[in-house]
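# Analysis of the macromolecular model
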Amino acid sequence: MSGGGCSVRAIWILTPNDTVAFSRRFAVVEKRWRAAWEAEEGDGEGDRRGTGAAPLLFPADHEVAAAFAERRRREGTARGSGIRTNVSSVGLDSWVDDPITRHIISLRLDKEEGDGFMLWPVVLQKRGGYYVLVLPLVDPQPFRAYENLLKRSDCGSSAKENGNLSSILFNLPCITGAFMVAHVVGDIITGDIAEPEVIVSSGPSVGGLLDSLTGSIGISARAKPIAAPVAAPTASLSSPVGAAQSDSLKGGVRPFDKDLLRNFIIGAMPFGTPQDLNYANVTSIRTTGFSGDPLPTDQKQPAWKPYLYKGRQRIIFTSLETINAALYDRDDVPDFLSVSGQVTCRAELEGLPDVSLPLTGLKTAHVEVSSFHHCVQASEPTANKQTLVFQPPLGNFVLMHYQAPCNIAPPVKGFYQLSMVSENEGAFLFKLTLMEGYKSPFIMDFCMITMPFPRRRVASYDGNPSIGTVSMTEHSIEWRIVSSGRGLGGRSIEATFPGTVKFLPRTVQRINSSFRSVSSTGYTEDSDSEQDNAKNGASLDDYIMEKINKDLQAVDLEEPLSWQAYNYAKVSFKITGGTLSGLTIDPKSVNVYPSVKAPAEYSMQASSGDYILWNTLGKCPTAALPREL
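Now for a look at the structure at hand. (Residues numbered from 1 in each chain as written. Predicted model: local features only at pLDDT ≥ 70, side-chain atom pairs only at ≥ 80, totals over all residues. Heavy atoms only, no water.)

## Observations concerning the environment of leucine 57
Mapped onto the secondary structure, leucine 57 falls in the loop between α2 (45-51) and α3 (61-75). With a relative accessible area of 64%, leucine 57 lands in the exposed category. If we ignore the near neighbours within four places in the chain, the residues touching leucine 57 are Arg34 and Phe117. (Helix = DSSP H or I, 4+ residues; strand = E, 2+ residues; numbered from the N terminus. Buried < 20%, exposed > 50% of the residue type's maximum accessible area, 1.4 Å probe, protein only. Contact = heavy atoms within 4.5 Å.)

Structural data, given as structure tokens:
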């Protein structure tokens, strides 16, 4: 029944106050579920009641909300621990002793007239403060297998053991589909439905000597992002898609456009079966309909291309890379550098052509491809080459994701020192080198250094950098070395900034307690709630202060700024004209079949992620980067 794909019985969106903000049930799928149980158990209604598995009536929204609140109370948090503890009991998801039960949960609904019943598997995601619950259709056999796991006396299970939770879920492709549905619903709730960025140059390149000369002095044709030629959504463009027009927060969460979500569900998953979860495609189909152009008899129009493109033909590729780094400038601690990237594409091609793209230099650059778009057919990598063949969808899409080391020198390197000369005054020194070894066409569009002081409020600073401008906020000092619009290209520069910083006395500091308030439900929130709070308009400074004060203890005066989480300076920059991994695409090697006159354009951009300069005078941690900040 459920082994051939994914069908969804119901979707619920719950608020932190245990109320249902949105729900959608699919009667056709529910009828199939009942038919499967009747075929499994026969017409004996007593047997069905005895298992507590198949309810006579589908639960109401308030019953689901009550069951979710009860589960959260019994498990401790909305997701639960995922492992068996001393407070676990038979029948709880944590009794299964598998961390996946934090994301695939069960809900037990008690009925006054019977023993109640259970809903499983319920896929859980938390987005924008809301809890998104998706209940896919599964056969009775895996349901009974999970019921048995809830009653096992032993703890844990081996990966090779038959009947463990992983083996049950492995045979349920509907779980993957349910996660995809929950993810796209969460994107609509939060307004995070923008298409991948594709960048083109705003002017044509002359090439040769002129490009070298203009690049060497920081003048070049500026790249700009472009939007996909798809119909605009019905929501207002002045506010995030999926957000209500009112900016007021109700119960700590932002209202979302329920009509927009309802229309998307109708178009994306008619009768409960997901067909196309691409928001841009569904919106375009709803606005313009399917293509009326006739297709060749030997071609089949793919689902990801609901209508055909008409107009000037071209293909645009963009490499977008993010570099994470921890630079210690110490002999006993090695620096850490890592690059994650993606290749985005937009193919404005008429008809349904195939595009062939060879990737070379993967082995030399030590590039590890993690995933391809589902329209891509990738050949087996041979030696140093891999060929991609794909029939591109409409609009912008991510062709591939990859990981690689930084195969050239760090764009920003040097050292940062900070020490306290008194309780309320510190002395600092920066000595940096920017773009050493980088030649044209690499251009640094901007670069900024931030010194965070989340436990202290900045009163003033004193010091003059050798280049750039300085500003301060309540809890940080910002040094803008390269400003936007005045790029640095074709040469390297050295930048120094000695100075002092004075803090307000501790007696006049006030720690914001907005994050310390306990929710009205009284439950301990999950780890991802911190990210949701930051996304829902809470001050980043307040969030950092609360994080530090809650999780870290103060130290002695001789090192009062060396709390583990912020004894560093954060570097932010953007570089265009090249990649840090060394992976590039040759536009001349792109082939289109059937052959058409479609020029290929290629642009590259790299930006900083967690790029950290650790204080060389402090106790530098050698573990992970402070990603929670």
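## Points about α3
Here α3 is 15 residues long and its end C-alpha atoms lie 21 Å apart, about the 21 Å a rise of 1.5 Å per residue gives. Turning to α3, its buried residues number three or more, namely Val64, Ala65, Ala67, Phe68, Ala69, Arg71, Arg72 and Glu75. Residues of α3 that are buried in the fold lie against β1 (8-14), β2 (20-25), β3 (104-109), β4 (117-127) and β5 (130-136). Looking one or two residues past α3, glycine 76 carries a phi angle of roughly 100°, positive in sign. (Expected span 1.5 Å × (residues − 1).)

## Thoughts on the environment of aspartate 192
With respect to the secondary-structure elements, aspartate 192 resides in the loop between α6 (173-190) and β6 (198-201). Here aspartate 192 falls in the partly exposed class, since its relative accessible area comes to 48%. Not counting residues within four places of it along the chain, the set of residues in contact with aspartate 192 comprises Arg127 and Asp187.

## Looking at the pattern of salt bridges
Under the criterion given, the structure shown has 15 salt bridges. The residue glutamate 30 makes a salt bridge to arginine 9 at a minimum N-O spacing of 3.0 Å. Of the two residues, glutamate 30 is situated in helix α1 (residues 27-41) and arginine 9 in strand β1; the sequence distance between them amounts to 21 residues. Each member of the pair, glutamate 30 as well as arginine 9, is classed as buried. Note that arginine 314 and glutamate 601 form a salt bridge whose closest N and O atoms lie 3.6 Å from each other. Separated by 287 residues along the polypeptide, arginine 314 in strand β8 (residues 314-327) and glutamate 601 in strand β25 (residues 600-614) bring together distant segments of the chain. Overall, arginine 314 belongs to the buried group, its relative accessible area being 15%. By relative accessible area, glutamate 601 is classed as partly exposed at 24%. Through salt bridges that share partners, Arg314, Arg346, Glu348 and Glu601 make up one connected network. (Salt bridge = Lys/Arg side-chain N within 4 Å of Asp/Glu carboxyl O.)

## Let's talk about the sheet that holds strand β15 (residues 412-422)
Spatially, β15-β16-β22-β18 is the arrangement adopted by the four strands of the open sheet, whose pairing is antiparallel. Every other strand in the sheet has two partners, leaving β15 and β18 (458-462) as the edge strands with one partner each. Averaged over all pairs of adjacent strands, the angle between strand axes in this sheet comes to 20°, irrespective of strand direction. Pairing analysis gives 10 bridges linking strand β16 (residues 425-434) to strand β22 (residues 493-503), with the strands arranged antiparallel. (Pairing = 2+ DSSP bridges. Axes fitted to C-alpha atoms, helices over the stretch in contact; angles between N-to-C directions.)

## With respect to unusual backbone geometry
Backbone geometry follows two general trends: most residues other than glycine have a negative phi, and most peptide bonds adopt the trans configuration. Put simply, serine 440 and proline 441 share a cis peptide bond, and its omega is 15°. In this structure, proline 441 sits in the loop between β16 and β17 (443-452). The amide bond that connects tyrosine 593 to the next residue, proline 594, takes the cis arrangement and shows omega of -5°. Checked against the element boundaries, proline 594 lands in the loop between β24 (591-593) and β25. Positive phi, normally seen in glycine, also occurs at histidine 366, with a value near 55°. You will see that methionine 435, though not glycine, has its phi angle at about 60°, which is positive. Inspection of the secondary structure assignment puts methionine 435 in the loop between β16 and β17.

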